[in-house]
Amino acid sequence: MTPAITPIGLLDSDQVKSVISAATLAPSTHNTQPWRFRCTPAGFELHADPERGLPVVDADQRELLLSCGAALFNLRTAIHALGAHPATTLLPRRDEPTLLAVVRPFAARRPDPRLVGLADAIPRRHTNRTPFETATIPASVVAELRHAAEIEQAWLPRLDAHQLELLRELVLKSHQAQLSNPEFLAEWRYWTGRDRRSRDGVPEYAAGAMPADDGGWILRDFGTRRSPRRGRIDEDDPLVVVIGSFGDTRLDRLRAGQAMQRVLLTATVAGLDASFISQPVEVSDVRGELRTLLGGGLWPQIVLRLGHGRPVPWTPRRSLDDVLLDEEPMSA
Ligand SMILES: Cc1cc2nc3c(=O)[nH]c(=O)nc-3n(C[C@H](O)[C@H](O)[C@H](O)COP(=O)(O)O)c2cc1C
């Protein structure tokens, strides 16, 4: 049974519900949805759900924090679009490490139309693994993506053609390292190739296309024997970007997740599709090489591929009953 949802500050219970639903539409590695929420009269709490971690591919829970950061960005943006200010405290209690953020909706203010646009884009954003059409992405849109990362205290560095070529090699190297690791494969098989009834994990219908023969960007293979990948990803260069942070603490990762989601929603508003290429940040020695490739000052957090793909179906989410914690008073 869904726990009773209390109004929070200016928001009535239906609005609180809509805010949590928006948060759950965030992307997460293998669609693990590693988050839980508590609603108290004073505000929203976002908790990590470590039981939904990925001990092999994400042993230090970096991607779990990115995913929760993305959910937090949705939550903040949905509150903003309802006309309230989401006052946010990250990692508020040292003695409660799973509590990642507290968000208190404060006095109503006129919503910023750009943020309302991002809030509207939340349900339209889907990971798109289809081949992307060749169409130059205007420099002004790339600048907007860079700005989106920076507002959330992360960075989207410019990569020249040589760096992109080296990055492509790192993707291949890390992809092959993962495919030769039986523990990775076991974890991978558990979370992917799910049928339509599953509310988490990656469904088989979300599989993309096969890499091109000439060694285009390698996308993860979500296909199954019953539903193999369709066609070759024969595409010219999509826009490939890396989001990096200047530190690699839990706080930096939580911020990077918010930046990732702000970049993804900015791309959605600009009519772009996106998919993730996270292999080179998941394999730690390759991540080190990527860090060097970026000049040594930034910690790479995620690699995104952007362009114009074909429409893709929605990937399911768990229900609110599964993600809501019982209400308890929020202290200080
Ligand atoms: C940190 C992170 C890493 C991800 N890595 C990959 C990846 O390497 N390949 C991929 O195809 N999808 C990747 N995804 C996308 C998830 O599979 C996707 O978000 C999830 O299945 C939910 O689908 P949706 O994004 O369409 O809502 C990643 C997502 C996150 C947040």
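The coordinates are above.
Being a predicted model, the structure only gives us computed values, none of them experimental.

> In this structure, what is going on with the pattern of salt bridges? I would like to understand it.
Two side chains that carry opposite charge are able to pair once their charged atoms sit near each other. With the rule as written, the count across this model stands at 15 salt bridges. We note a salt bridge from Arg 36 to Asp 49, for which the minimum N-O separation is 3.9 Å. Of this pair, Arg 36 sits in strand 1 (residues 35-40) while Asp 49 sits in the loop between strand 2 (43-48) and helix 2 (62-81), placing them 13 residues apart in sequence. Classification of Arg 36 by relative accessible area gives partly exposed; the value is 27%. Given a relative accessible area of 8%, Asp 49 falls into the buried group.

> Is there a simple way to explain the packing of aromatic side chains in this structure?
Two measures describe an aromatic ring pair: the distance that separates the ring centres and the angle between the ring planes. Going through the model one piece at a time under the given rule, you end up with three aromatic pairs. Taking 4.7 Å as the distance between ring centres and 55 degrees as the angle between the ring planes, the aromatic pair formed by Trp 155 and Phe 246 counts as tilted. One end of the pair, Trp 155, is in the loop between helix 4 (139-151) and helix 5 (161-179); the other, Phe 246, is in the loop between strand 9 (239-245) and helix 7 (250-269), with 91 residues separating them in the sequence. For Trp 155, a relative accessible area of 32% gives the class partly exposed. Given a relative accessible area of 52%, Phe 246 falls into the exposed group. For the pair Phe 184 and Trp 188, a centre-to-centre distance of 6.0 Å together with 15 degrees between the ring planes defines the contact as stacked. With Phe 184 and Trp 188 both in helix 6 (residues 182-191) and four residues apart, this pair spans about one turn of that helix. A relative accessible area of 5% places Phe 184 in the buried class. The residue whose ring lies beneath Arg 291 is Trp 299, and the NZ or CZ to ring-centre distance is 3.8 Å. Across from the ring centre of Phe 132, 3.6 Å away, lies the NZ or CZ of Arg 305, which sits over that ring.

> Can you help me understand the sheet that holds strand 11 (residues 299-307) in this one?
Paired through their backbone hydrogen bonds, the strands of a sheet run either parallel or antiparallel. A sheet is described by the order of its strands in space; here three strands give the open sequence 9-11-10, paired in antiparallel fashion. At either end of the open sheet lies a strand with only one pairing partner, and these are strand 9 and strand 10 (273-276). For this sheet, the mean angle separating the axes of adjacent strands, direction not counted, is 30 degrees. Bridge count between strand 10 and strand 11: four bridges; the pairing is antiparallel. When the bridges of strand 11 are listed, Phe 276 appears paired with Leu 304. Strands in contact with helix 7 are strand 9, strand 10 and strand 11; relative to strand 11, the strand with the most contacts, it is inclined by about 10 degrees.

> Sorry, what's going on with unusual backbone geometry here?
As a rule of thumb, non-glycine residues mostly have phi less than zero, and peptide bonds are mostly trans rather than cis. Located in the positive-phi region is Gln 33, a residue other than glycine, with phi close to 55 degrees. Looking at the secondary structure, you find Gln 33 in the loop between helix 1 (13-24) and strand 1. Note on Gln 33: relative accessible area 1%, which makes it buried. Positive phi, close to 60 degrees, is recorded for Gln 61, a residue that is not glycine. With respect to the helices, strands and loops of the structure, Gln 61 is situated in the loop between strand 2 and helix 2. Classification of Gln 61 as partly exposed rests on a relative accessible area of 33%.

Analysis parameters
Residue numbers run consecutively from 1 along every chain, following the written order of its sequence. Only residues with pLDDT of at least 70 get local features here, since the model is predicted, and only at 80 or more are side-chain atom pairs given and counted; chain-wide, interface and lining totals rely on the full set of residues. Water and hydrogen atoms were dropped before computing side-chain values, which therefore reflect all heavy atoms in the structure. For salt bridges, the criterion is a side-chain nitrogen of Lys or Arg within 4 Å of an Asp or Glu carboxyl oxygen. Starting at the N terminus, helices and strands are each numbered in turn, a helix being any DSSP run of H or I of at least four residues and a strand any DSSP run of E of at least two. Using a 1.4 Å probe on the protein chains alone, a residue whose accessible area is under 20% of its type maximum counts as buried, one over 50% counts as exposed, and one in between counts as partly exposed. The pairing test for Phe, Tyr and Trp rings, Trp by its six-membered ring, is centres within 6.5 Å, and the orientation test on the planes gives stacked under 30 degrees, edge-to-face over 60, and tilted for anything in between. A ring is scored as having a charge over it whenever the NZ atom of a lysine or the CZ atom of an arginine sits within 6 Å of its centre and within 35 degrees of its normal. Two strands qualify as a pair provided DSSP detects at least 2 bridges between them. Working convention: axes come from line fits to C-alpha atoms, limited for helices to the stretch in contact. Angles between N-to-C directions cover 0 to 180 degrees. Any pair of residues with heavy atoms lying within 4.5 Å of one another is described as a contacting pair.

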